[in-house]
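# Structural characterization, general
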Amino acid sequence: MKTDLTDTTSSKINKALVLGRRAIGTPAVGMVLTLVIVTDEENAYDALKAANEASREHPSRTLVVIKRVSRSPRDRAKARLDAEVRLGADASTGETVVLRLYGEVVDHAQSVVLPLLLPDAPVVVWWPVNAPSDPANDPLGALAQRRVTDTYSAEQPIQELTARADAYTPGDTDLSWTRITPWRSMLAAALDQVVCEVTSAEVEGEEFNPSVELLAMWLADRLKVPVRRSKSAGPGLTSVRMETSSGPIVLDRPDGSLATLSIQGQPDRGVALKRRDTAELIAEELRRLDPDDTYATALRFGLERLDEEAATTAPEAAGPAVEETVAVAETVVEEAPAAKPAAKKSPAKKAAAK
């Protein structure tokens, strides 16, 4: 059932929820958490659809906060709250309240949401788009134990990762990280099958996809090896190649659904590695409400450090020998007569070749 409330208050919304539960014959509250979705009108439908599908696994009270932009100064000065209460079949297995904020109340969304939170239940805030630069210090984010963003929807996804690392607070997570969970599981399982030492790795994926960066930083942090990123036509992540002492290990997914795992000395195997929709990603994030330390470690590894290590072309042990060779070459060039510079450059080239 649906109940529309115009120019209402939080207390009236709570009363409508109680009356609605009695009308459909479920007076008890059977929700396990409160999911707050902060979005705009354009993305509200898709976000709510994903939340309703995820509620089959995690029954929750879903509060959709839509901040409406007022066009005239008169409208901006007038505060108004409209609500749509959905129960029963219209809200899947939980309860849904769509809140549309107008005027000055837009800047005080937390005062509207706070009375609607389930008592003694965890709170998760999700920004499908336009996430704040510091989710933990956002008025709505401060109410939650978990804060979910999606850098893939940002205008500059790669730069957004750096901002997320600088402002990280335990409880933050990102759907771009959730998307690579099957990849991380498969790569870890592949390394468990062979006894080898990984020397380098390469992650290939479409441009401006933060999941590629996160997977590369995770590999570099865990394996302590240089990881290079390369671009492809997509979709999403397409390939990961690890060079090991026992031969290359390649996980290739060119079509976005079926991947091929290739290990030296073993037959190729097909792996189901389809791209998951938003509902599956949200459901995964709601399974655990404790801080994701693995995500924090990978995020803080740093894109700059990843670039520096990927640019390394020789092992550290060869560093002094290379420096000595360069020094010898520079000495030979400096001691060469000015009249015949070309004739004295050949020893420098031979020394460098050694």
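So, here is what we can say about the structure in this document. Quick caveat: nothing in here was measured; it's all calculated off a predicted structure. (Residues numbered from 1 in each chain as written. Predicted model: local features only at pLDDT ≥ 70, side-chain atom pairs only at ≥ 80, totals over all residues. Heavy atoms only, no water.)

## Some details on the overall build of the protein chain
Along the backbone of the protein chain there are 13 helices and 14 strands. The buried share of the protein chain, taken over its 354 residues, is 45%. In the protein chain, the proportion of contacts linking residues at least 24 apart, taken out of those at least 6 apart, comes to 70%. Just so you have it, the protein chain exposes about 18300 Å², and 51% of that area is on carbon and sulfur atoms. (Helix = DSSP H or I, 4+ residues; strand = E, 2+ residues; numbered from the N terminus. Buried < 20%, exposed > 50% of the residue type's maximum accessible area, 1.4 Å probe, protein only. Contact = heavy atoms within 4.5 Å. Areas by Shrake-Rupley, 256 points an atom, 1.4 Å probe, with all protein chains shown as cover.)

## Describing the sheet that holds strand S8 (residues 172-174)
Paired through backbone hydrogen bonds, the strands of a sheet run either parallel or antiparallel to each other. Spatial ordering of the open sheet is given by S1-S4-S5-S3-S2-S6-S7-S8, a layout of eight strands whose pairing is mixed. The sheet is open, and its two borders are formed by strand S1 (2-5) and S8, each paired with just one other strand. In this sheet, adjacent strand axes meet at a mean angle of 15° when their direction is disregarded. As defined by bridge partners, strand S2 (residues 33-39) adjoins strand S3 (residues 60-67) across seven bridges and the pair is classed as parallel. Opposite Leu35, over in S3, you have Thr62 as the bridge partner. Each of S1, S3, strand S4 (80-86) and strand S5 (95-102) touches helix H1 (residues 10-24); the most contacted strand, S4, lies at about 15° to it. (Pairing = 2+ DSSP bridges. Axes fitted to C-alpha atoms, helices over the stretch in contact; angles between N-to-C directions.)

## What to know about the nonpolar core
Counting 39 residues, the largest nonpolar core has Val203, Leu215, Leu219 and Val227 as its most contacted members. In terms of residue count, the dominant contributor to this core is helix H8 (residues 210-223) (eight residues). Beyond its immediate stretch of four places on either side in the chain, Leu215 contacts Ile180, Trp183, Arg184, Leu187, Val203, Leu237 and Val240. Counting residues in hydrophobic clusters, the runner-up holds 27 residues, among them Leu101, Val105, Val112 and Leu140. (Core = buried A, V, L, I, M, F, W, Y, C linked by side-chain atoms within 4.5 Å.)

## Regarding the sheet that holds strand S12 (residues 249-252)
Across the sheet, which stays open at both edges, the six strands sit in the order S10-S9-S11-S12-S13-S14 with mixed pairing between neighbours. This sheet does not close on itself; its edge strands, each paired only once, are strand S10 (227-232) and strand S14 (269-272). Neighbour-to-neighbour, the strand axes of the sheet open up by a mean angle of 15°, direction not taken into account. Looking at chain direction, strand S11 (residues 237-244) and S12 are connected through four bridges and run antiparallel. Counted as the bridge partner of Val240 is Leu251 from S12.

## Notes on the packing of helix H7 (residues 181-192) against H8
Two measures define how a pair of helices packs: the angle their axes make with one another and the distance between the axes. Closest axis-to-axis distance for the H7/H8 pair is 11 Å, and the angle between their directions is 35°. For H7 against H8, the interelement crossing comes out right-handed. Residues Trp183, Arg184, Leu187 and Leu191 of H7 form the contact with H8, whose participating residues are Leu215, Trp218, Leu219 and Leu223. (Left-handed = near helix turned anticlockwise from the far one by under 90°.)

## What to know about helix H10 (residues 293-301)
In an α-helix, one turn spans 3.6 residues, which is why side chains three or four residues apart end up on the same side. Taken residue by residue, H10 has Tyr295, Ala296, Ala298, Leu299 and Phe301 as its buried positions. The opening residue of H10, the one whose side-chain oxygen lies 3.3 Å from the backbone nitrogen of Thr294, is Asp292. Positive phi shows up at Gly302, right after H10, with a value of about 95°. (Polar contact = N/O pair within 3.5 Å; in protein donor to acceptor, adjacent residues only side chain to side chain.)

## Points about unusual backbone geometry
The backbone of Asp7 sits at a positive phi, close to 50°, despite the residue not being glycine. Mapping Asp7 onto the fold places it in the loop between S1 and H1. Its identity is not glycine, yet Asp120 carries a phi of approximately 55°, on the positive side. For Asp120, the position within the fold is in the loop between helix H4 (109-113) and strand S6 (123-126).

## What to know about the environment of Asp221
The residue Asp221 is located in helix H8 in this model. In this structure, Asp221 is in contact with Thr297 and Phe301, ignoring residues within four places of it in sequence.

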